[in-house]
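One-letter residues, chain by chain:
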Amino acid sequence: MRTAAKISYIFGLILLIIALLFQAFSLFAVLVIEGNPAEVFDSPWLIPTWVVSLALLLVATILCKALQEKPRGLLLPLLLGGVGTVLSLIVALALKEGLPPSINQLGTEQGLTAWKLTYRHLSSVFAGALVVLSAALHMAACREDRLRRENEAYKSVYNLDGAPLFKDDSTLDLEPVEEIAVKPARKVKRSLRHKQQKQ
């Protein structure tokens, strides 16, 4: 379980780094080069949601690593990563609608093709999902460790090695009984057997 959580975290971290690089360039192009995002996108909520989604995913990734041994603390990266993943998906779908692929006057392709959308914008969605999965696996592993520790403590406290469990003044001098002798049942007389059969 821990191995799966680490692998999921590593892949999520790699995808998040890729997503941050591409999306930072995209945000720079929209905010600095274009100057007015409203001219590029009709939705005024898109840029703030975009920034918040990336920030949430980054914080969730850091907290997942920092709190991997604390099951209650892992709820925070689980929730932040989930919200960041949903917001990233909303942003990616809005960008897909706002920047459809087209050919400009120079004959070059512009806009977001399916491949560009996947590696530039959906990579953050996959990264968030992997971070959430890693946090959930770490929580399950912490639970298993806790149950194992409780079971080991239970075995060490209650030692049933054959010695008497309870002692009091009335049983201190008694020897342990090895076997209980069972007397064979007496044979019933023939007359009594006939009488029982008639009844």
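For the structure itself, look to the data block above.
Throughout what follows, the structure given in this document is the object of discussion. For every chain, the first residue of the written sequence is number 1, and numbering continues from 1 onward in sequence order. Totals for whole chains, interfaces and linings use all residues, but because this is a predicted model, local features are given only for residues with pLDDT of at least 70 and pairs of side-chain atoms are given and counted only at 80 or more. Side-chain metrics in this entry use all non-hydrogen atoms of the structure; hydrogen atoms and water are not considered.

This next bit is on the pattern of salt bridges. The term salt bridge refers to a side-chain nitrogen of Lys or Arg lying within 4 Å of a carboxyl oxygen of Asp or Glu. For the structure on display, the rule yields four salt bridges. A salt bridge links R2 to D145; the nearest nitrogen and oxygen atoms lie 3.0 Å apart. In this pair, R2 sits in helix α1 (residues 2-33) while D145 sits in helix α5 (residues 114-157), placing the two residues 143 residues apart along the sequence. Buried, partly exposed and exposed residues are distinguished by accessible area as a fraction of the type maximum, computed with a 1.4 Å probe on protein chains only: under 20%, between the cut-offs, and over 50%, respectively. Owing to a relative accessible area of 21%, D145 belongs among the partly exposed residues under this scheme. Via salt bridges that share partners, R2, E69, D145 and R148 belong to a single interconnected network. Here a strand is any run of E in DSSP of at least two residues, a helix any run of H or I of at least four, and the numbering for each starts at the N terminus.

A word on the packing of helix α3 (residues 46-66) against helix α4 (residues 75-98). For the pair α3 and α4, the least separation of the axes is 8 Å and the interaxial angle reads 150°. In this structure, the crossing between α3 and α4 has a hand that is left-handed. Here α3 contributes L46, T49, W50, V52, S53, L56, L57, V59, A60, L63 and C64 to the contact with α4, which in turn contributes L76, P77, L80, G81, V83, G84, T85, L87, S88, V91, A94 and L95. Residues are grouped as follows: Ala, Val, Leu, Ile, Met, Phe, Trp, Tyr, Cys and Pro are nonpolar; Asp, Glu, Lys and Arg are charged; all remaining types, including Gly, are polar. Class assignment of the residues belonging to the contact of α3 with α4 gives a composition of 17 nonpolar, six polar and no charged. Structural elements are reduced to axes, namely lines fitted to C-alpha atoms, with helices fitted over the stretch in contact, and the angle between N-to-C directions of any two is expressed from 0 to 180 degrees. For a crossing to be left-handed, the near helix must be turned anticlockwise from the far one by less than a right angle; the clockwise case is right-handed. Should any heavy atoms of two residues lie within 4.5 Å, those residues are counted as being in contact.

What follows concerns the nonpolar core. To form a nonpolar core, buried Ala, Val, Leu, Ile, Met, Phe, Trp, Tyr and Cys residues must be joined to one another through side-chain atoms within 4.5 Å. Grouped together as the largest cluster of nonpolar side chains are 13 residues, with contacts concentrated most on L27, I47, W50, V91, L95, L117 and L122. Mapped by element, the contributors of at least two residues to this core are α1, α3, α4 and α5. Ranked by the residues each element gives to this core, the list is headed by α3, at four residues. When residues no more than four places from it in sequence are discounted, the contact partners of L122 are L89, A92 and L117.

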